[in-house]
Amino acid sequence: SVLLYQKPNRDICQSGTSLKIQCVADSQVVSMFWYQQFQEQSLMLMATANEGSEATYESGFTKDKFPISRPNLTFSTLTVNNARPGDSSIYFCSGTDNNQAPLFGEGTRLSVL
Amino acid sequence: GDQVEQSPSALSLHEGTGSALRCNFTTTMRAVQWFQQNSRGSLINLFYLASGTKENGRLKSTFNSKESYSTLHIRDAQLEDSGTYFCAAEATEGADRLTFGKGTQLIIQP
């Protein structure tokens with residue numbers, strides 16, 4: 001089955017800076033998504049990463065704040081722009097492949113000071 | 001309202017006992033997935049069901065799409081079962097997107 005790798009696993013950044021999170025699948029996946037999880041809370045879908053085109057964002061998430069790229073079927077990046085302490089959370093990428101169980105990366109734990 | 005209503009929010013069991021977690025859905029779902037989130041934050045896939053019942057060791061899960069619910073049964077609970085459990089469901093029109101329940105914090109006591 002497909003494995004998803006996220007990098008970095010954790011990071012600490014200063015307010016106002018930007019951070020890029022990478023997600024790599026070891027084989028092609030049809031759909032890729034990004035989720036955000038605040039401490040002690042559930043996962044919230046941020047956006048669908050569309051291959052070769054703009055991501056589709058859920059309510060409350062914008063491309064200016066969280067630009068997402070997906071140049072091919074195995075790779076996606078999520079950027080957190082102008083990071084604030086309120087962005088401190090775990091970010092997960094997820095990939096699915098036609099009626100198979102969705103798979104998740106290990107998550108990236110972000111702390112913004 | 002929430003599409004995925006998970007209960008209970010917290011549960012404490014003694015080793016060797018069992019219980020069930022439940023998710024109710026307010027819209028038609030085509031599949032459900034159950035996860036355990038460990039202390040490092042990683043999501044461990046327990047089950048993925050489009051219908052019926054699956055069993056794996058001390059865990060068993062059922063998904064009834066028609067009646068809009070899913071359950072996760074744990075028997076003979078062990079200390080390592082402690083963690084947060086999430087159900088997540090795919091709507092019939094949702095292209096593999098998952099909507100998560102709020103989670104159940106499970107504590108296993110000796």
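Preceding this paragraph is the structure being described.
Note that the structure is predicted; figures quoted are calculated from it, not measured.

Calculation rules
Residues numbered from 1 in each chain as written. Chains lettered and ligands numbered in written order. Predicted model: local features only at pLDDT ≥ 70, side-chain atom pairs only at ≥ 80, totals over all residues. Heavy atoms only, no water. Core = buried A, V, L, I, M, F, W, Y, C linked by side-chain atoms within 4.5 Å. Buried < 20%, exposed > 50% of the residue type's maximum accessible area, 1.4 Å probe, protein only. Helix = DSSP H or I, 4+ residues; strand = E, 2+ residues; numbered from the N terminus. Salt bridge = Lys/Arg side-chain N within 4 Å of Asp/Glu carboxyl O. Disulfide = S-S within 2.5 Å.

Enquirer: I tried to follow the nonpolar core on my own but got confused; where do I start?
Expert: The nonpolar side chains of a soluble globular protein tend to be buried, and buried together. Counting residues in hydrophobic clusters, the biggest one holds 24 residues, and the most contacted among them are W34(A), M46(A), F66(A), I68(A), L78(A), Y91(A) and L110(A). Looking at which element gives the most residues to this core, the answer is strand β3 (residues 19-25) of chain A, with four residues. Within the second largest apolar cluster, 23 residues are counted, among which are W34(B), L59(B), A77(B) and A91(B).

Enquirer: I tried to follow the pattern of salt bridges on my own but got confused; where do I start?
Expert: As a working rule, side chains carrying opposite charge can pair if their charged atoms are close by. Residues and elements named next belong to chain B. Evaluated as defined, the whole model comprises six salt bridges over all chains. With a closest N to O distance of 3.2 Å, R30 and E90 form a salt bridge. Taken together, the residues span a long stretch of sequence, with R30 in strand β4 (residues 29-37) and E90 in strand β9 (residues 83-91) at a distance of 60 residues. A relative accessible area of 1% means that E90 is categorised as buried.

Enquirer: Can you help me understand the state of the cysteines in this one?
Expert: Using the criterion set out here, one finds two disulfides over all chains in the structure. Between the sulfur atoms of C23(A) and its disulfide partner C93(A) the distance amounts to 2.0 Å. Of note, the bridge from C23(A) to C93(A) carries an S-S torsion of about 70° and is right-handed in sense. Taken together, the positions of C23(A) in strand β3 and C93(A) in strand β9 (residues 89-96) put the pair 70 residues apart, joining distant regions of the chain. Between the sulfur of C23(B) and that of C87(B) lies a disulfide, 1.8 Å long from S to S. On the sign convention where negative means left-handed, the S-S torsion of about -95° between C23(B) and C87(B) marks this disulfide as left-handed. Taken as a pair, C23(B) in strand β3 (residues 19-25) and C87(B) in strand β9 lie far apart in primary sequence, 64 residues in all. A relative accessible area of 0% means that C23(B) is categorised as buried. A relative accessible area of 0% places C87(B) in the buried class. Residue C13(A) stays outside any disulfide, its sulfur separated by 18 Å from that of C93(A), the closest cysteine.

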